[in-house]
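Examination of the molecular architecture
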Amino acid sequence: RMFAEIVSIVDDRERFFSANGIDSMETYRRRREAGEIDDGYGEIFLFIDGWATLRSDFSDIEEQIEKLLPRGLNYGVHIIVSALRWTNIRPAIKDMLGARVEMRLGDPLDSEIDRKVAKLVPTNRPGRGLTMNKHHMLVALPRIDGERDPNTVSAGQLDLVAMINEAWRGAPAPKMRELPERVSIDALRASVGPGDRRVLLGLNESRLEPFGIDFSVDDHFYFFGGQQSGKTATMRLIASEIARVYQPHEAQMYVVDFRRTLLGDLPEGHLSDYFTTEAQASDVLGRLAQFLETRRPGSDVTPRQLRERTWWQGAEVFILVDDYDLVTVGGTNPLDPLIPLLPQAR
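Numbers given to residues run from 1 along each chain, matching the order in which its sequence is written. Local features in this predicted model are restricted to residues of pLDDT 70 or higher, and side-chain atom pairs are both shown and tallied only at a pLDDT of 80 or more, whereas totals for entire chains, interfaces and linings draw on every residue. Note: side-chain values were computed over all heavy atoms of the structure, leaving out hydrogens and water.

**Focus: helix α10 (residues 278-293)**
Labels follow the DSSP assignment, with helices taken as runs of H or I lasting at least four residues and strands as runs of E lasting at least two, numbered in each case from the N terminus. To estimate the expected span of a helix, subtract one from its residue number and multiply by 1.5 Å. End to end, α10 covers 22 Å across 16 residues, agreeing with the expected 22 Å (1.5 Å per residue, within 8%). The complete set of buried residues in α10 reads Ala-281, Val-284, Leu-285, Gly-286, Leu-288, Ala-289 and Leu-292. By the convention used here, residues are in contact when the closest approach between their heavy atoms is within 4.5 Å. Those residues of α10 that are buried are in contact with β8 (251-256), β9 (271-275) and β10 (316-321). Only protein chains enter the accessibility calculation, which uses a 1.4 Å probe; a residue whose area is less than 20% of its type maximum is buried, one above 50% is exposed, and one in between is partly exposed.

**Details of the packing of aromatic side chains**
Think of it this way: a Phe, Tyr or Trp ring, Trp meaning its six-membered ring, pairs with another when their centres are within 6.5 Å, and the plane angle makes it stacked under 30 degrees, edge-to-face over 60, tilted otherwise. Scanning all chains against the criterion turns up six aromatic pairs. Where Phe-215 meets Phe-318, the ring centres are 5.2 Å apart and the plane angle is 80°; that geometry is what we call edge-to-face. Residue Phe-215 is located in the loop between β7 (210-213) and α9 (231-245), and its partner Phe-318 is located in strand β10; the two are separated by 103 residues in the primary sequence. The pair Phe-215 / Phe-318 is uniform in exposure class, with both members buried. Aromatic pair Tyr-222 and Phe-224: ring centres 5.7 Å apart, planes at 35°, arrangement tilted.

**Side note on the layout of surface pockets**
Two kinds of site are reported from a 1 Å grid over the protein atoms alone, namely cavities, where a 1.4 Å probe fits but cannot get out, and pockets, open sets with protein on both sides within 12 Å along at least five of seven lines, and residues are called lining when an atom falls within 4 Å of a point. Grid points are joined across faces, edges and corners, and a volume is the space filled by probe spheres set on the points. By volume, the largest pocket amounts to about 1,500 Å³. Going through the elements one at a time, α9, β10 and α12 (324-327) are the ones with two or more residues in the lining of the largest pocket. With six residues, the single largest contributor to the lining of the largest pocket is β10. Each residue gets one label: Ala, Val, Leu, Ile, Met, Phe, Trp, Tyr, Cys and Pro are nonpolar, Asp, Glu, Lys and Arg are charged, and the others, such as Gly, are polar. Looking at the lining of the largest pocket, its residues break down into 27 nonpolar, five polar and 13 charged. Each pocket or cavity is described by its volume, and for the second largest pocket that value is around 1,100 Å³. Every residue lining the second largest pocket is counted, 29 residues in all, and those nearest its centre are Val-81, Ser-82, Ala-99, Arg-100 and Val-101. Those elements that place two or more of their residues in the lining of the second largest pocket are β1 (44-49), β2 (77-82) and β3 (101-103). No other element matches β2, which puts six residues into the lining of the second largest pocket.

**Let's talk about the sheet that holds β3**
By the convention used here, strands pair only if DSSP detects at least 2 bridges between them. Overall, antiparallel pairing links the three strands, which are arranged β3-β4-β5 in an open sheet. Among the strands making up the open sheet, the edge pair consists of β3 and β5 (136-138). Direction aside, neighbouring strands of the sheet carry axes that sit 40° apart on average. Every axis corresponds to a line fitted to the C-alpha atoms, with the helix fit spanning only the stretch in contact, and the corresponding angles, defined between N-to-C directions, vary from 0 to 180 degrees.

**A look at the nonpolar core**
Each nonpolar core is a collection of buried residues, namely Ala, Val, Leu, Ile, Met, Phe, Trp, Tyr and Cys, held together in the definition by side-chain atoms within 4.5 Å. In terms of nonpolar packing, the biggest core is built from 25 residues, with Ile-65 and Ile-79 touching the most fellow members. Mapped by element, the contributors of at least two residues to this core are α1 (2-19), α2 (25-33), β1, α3 (51-57), α4 (59-72) and β2. Per-element accounting of this core gives the leading share, six residues, to α1.

**Notes on the pairing of strand β4 (residues 128-131)**
Both β3 and β4 contribute to a ladder of three bridges, which runs antiparallel. Considered in β4, the bridge of Glu-102 is made with Leu-130. Pairing between β4 and β5: three bridges, direction antiparallel. Its bridge partner being in β5, Arg-128 is matched across the sheet by Leu-138. Taking the residues between adjacent antiparallel strands as the criterion, β4 and β5 are bridged by four residues, where Lys-134 takes a positive phi near 70°.

Shown next as C-alpha cells:
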C-alpha cells in the first residue's frame, strides 16, 4: 500500500510538471518556495530498514523499486536503504544508490570501501563507520534532549519528534491513504460522472479511485476465488451495474446459475432468461448463438459501420455464469456454441 501510494504520487507529479511547465525538481522547489505552486507534497522519502527482508518477503516490490529508482529522483523521491552486507543489494540497484556509507561490518573482508581501513572501525561503538572516501565517521544520535546514552535513544527520538511537531506551523504531511474496511456501491456511483459507462466493481489500491469494466473496451470478464470469497455477491453487483448503465432495450442478461444463488436478486427488466440446468442452458444458448451469428459483419459492411456497429440493431447480450466449474462437469459445456463468437464479441 505504501509503495502503491508513492508510485501514484510520482505519476501525478509527472502530469503536474507537464501541466505547469516544470522542467525539473529545482524549478519545482523554487516555485513551491515562492508559493506559486503546491501539489500537496514536498520531497518524498522512502525508508527501507533491512533490504534482505524486503527481498525475501516482497520480491515483486524489489523489482518495482528498481524501476522507480531512475525515475523517482526526477520527481523528488529519495530512497534510503539499510542492509546487513553489500551483497544483499543487487548491483543494478546498488549502482543507482549514489550516496553510501559503511558501518562496522561483521567481517571486514566484506568491505567494498577498503578492507584494511574497515578493520580499524572499533567494535561495540554504534554509529562508527566509513565514508566512500575511506574517512572514518560517527553518526549523530537522533536526540536533542541533552542526553548521550545510546541505550535510551528511543526516548530521545520520541522527544525529538514531539518537539518538531510542536514547532511546525505549516500544514501536516498528507497521511497515507488506505482501502476502507467497507465501501458501498452507492458511494462509488456518487463519485463518478454521469458519462462514466463502466460497470463499477470497487476501489483500486493504487489510487483509491473507483474501478470497473468498460464493456465497450473489454469484451469479457472473468473472476475467481475460494469459498466465501464473495464471488456470487460480485455477480449480483455486476448484474445491478449492468441495469444501471444500460436501459432494458440496450442490454439483456442470460444467467447460468446451477446453484440458484442469484434467484430473486436479478433486475427483472434486464433478465432475458435464467438457467438452473444444463439442458435448459444448452437449448437456449445454442439458439442464442445462432441468432448472434446474424450480427457477424458481411462483406458489404463499411469500415465506418464496423467502428460504429451500425449494421445491426438490438440489445447488448450479457451472459453471466456463476460457478463456471459446475457448468463444465460431465464433459459437456452449454457455452460451447458461443466460443466461435468470443473473439468478435464487441
